[in-house]
Amino acid sequence: MLVSLPEQLESSIEAALRDLPPSQWMKAARSISRRYRVRRNGTASSLVQGTSEALGYAALILPAAYAQLYGAMMAVHARIPQWQPRSMLDIGSGPGTALWAAVEQWPLLQTLTAWEREAAFIHLGRRFATTSGKQTLCATRWEHVIIGKHLPAHFPMYDLVVFGHVLNELPETVRQEVVEMAWKHCSGVLLIVEPGTSTTFPVVKTMREHLRSLAAFTLAPCVHDNECPLVNDWCHFPQRLKRPRFQRQAKNASAGWEESKFSYVAMGRFPPERTAWGRLIHQPSVRKGFVELTISSQDGLVQPRVLKRDRAMYRESLLYEWGDVIAMPRFSQEKR
């Protein structure tokens, strides 16, 4: 599936970028790109500071982050299709990327709260929201919050709580405390989304294990509540994004689309509505005479080989895509 930014958001970013000479926001985007690729341990300064860097982020990073968040939310919706949240807390909201993805996925959302520490992001997020035409977005409650330092003394329960590209920016000693605090104020689903790299996946994996210890149910991507079976590997998924013009300009890229990879976990106060046996966690590997699949399943990590001579199953296997859910076991199971 090819995901595009909502038309109003794309137009609003284009309008905001016209406030600065292209050379200025493109320079900021390149600087952010360099910082973004460096492993961050929570002790570094903020990724973004000031208006020009906030706009550089909106041009370069926001579209990919939107695709990742939207892809994760689609996967959650597929496991619990009847669930419709009414309230949402976005922790470390940036310019509100997750808010836009959430109202697209769950249009019955009524109240949105965004916690963000950078004033430039809050200003930009409010500006974008006013152009949305959606009253829920326009009425977002923006709060200046420094995670791990200055948290609101009292705040309500939320149906949906989201950490989007946040936990890998926090000191390791703070992550568990913040996630546990968020879980205490979550009445439905807690969603963690990070870039799909070998350095961020351990953060997601560790937080899943901690939430499991707090009696949370795994909704996605895992189809089980067992310990993660991966060793010397990481779980991540692609979401294809239609690149807006300004992102192509920021990246000096000619291709009209990209695959934005992400790691995520969704934990709930309730089990999934739809059961499943497994999920493909890598692209199917087509070899001479067979297709090899890597599946995280209720039976552990399995790698079935579907032989070409099994024509019906072989043709079906060629249609599988990375991230697909498999409802029931259909293969001879070879555990890894």
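Above this text is the structure in question.
Residues numbered from 1 in each chain as written. Predicted model: local features only at pLDDT ≥ 70, side-chain atom pairs only at ≥ 80, totals over all residues. Heavy atoms only, no water.

1. Considering unusual backbone geometry
Now for step 1: Here the residue pair A220 and P221 is connected by a cis peptide bond, since its omega of 0° sits within 30 degrees of zero.
Now for step 2: Backbone geometry places H165, a non-glycine residue, at a positive phi of 55°.
Now for step 3: One can find H165 in the loop between β5 (158-164) and α8 (172-184).
Now for step 4: Taking relative accessible area as the criterion, H165 reaches 13% and is therefore assigned buried.
Now for step 5: The phi angle at N232 is positive, at roughly 55°, despite the residue not being glycine.
Now for step 6: Along the chain, the position of N232 falls in the loop between β7 (217-220) and β8 (237-242). (Helix = DSSP H or I, 4+ residues; strand = E, 2+ residues; numbered from the N terminus. Buried < 20%, exposed > 50% of the residue type's maximum accessible area, 1.4 Å probe, protein only.)

2. Brief notes about the packing of helix α4 (residues 62-79) against helix α5 (residues 97-105)
Now for step 1: Closest axis-to-axis distance for the α4/α5 pair is 9 Å, and the angle between their directions is 40°. α4 and α5 meet at a crossing whose hand is right-handed. Along its contact with α4, which presents L62, A65, Y66, L69, Y70, M73, M74 and H77, the element α5 presents T97, A98, W100, A101, A102, E104 and Q105. (Axes fitted to C-alpha atoms, helices over the stretch in contact; angles between N-to-C directions. Left-handed = near helix turned anticlockwise from the far one by under 90°. Contact = heavy atoms within 4.5 Å.)

3. A look at the side chain of H210
Now for step 1: Secondary-structure assignment places H210 in helix α9 (residues 201-213).
Now for step 2: Given the relative accessible area of 12%, H210 is considered buried.
Now for step 3: Residues in contact with H210, not counting those within four places in the same chain, are Q176 and E180.

4. Some details on the pairing of β5
Now for step 1: By the criterion of burial, β5 is predominantly enclosed, with seven of the seven residues buried.
Now for step 2: Relative to strand β6 (residues 186-195), β5 runs parallel, the two sharing six bridges. Looking at the pairing, Y158 lines up with C186 of β6.
Now for step 3: Handedness of the β-α-β unit built from β5, α8 and β6 comes out right-handed. (Pairing = 2+ DSSP bridges. Right-handed = clockwise from strand over helix to strand, strands pointing away.)

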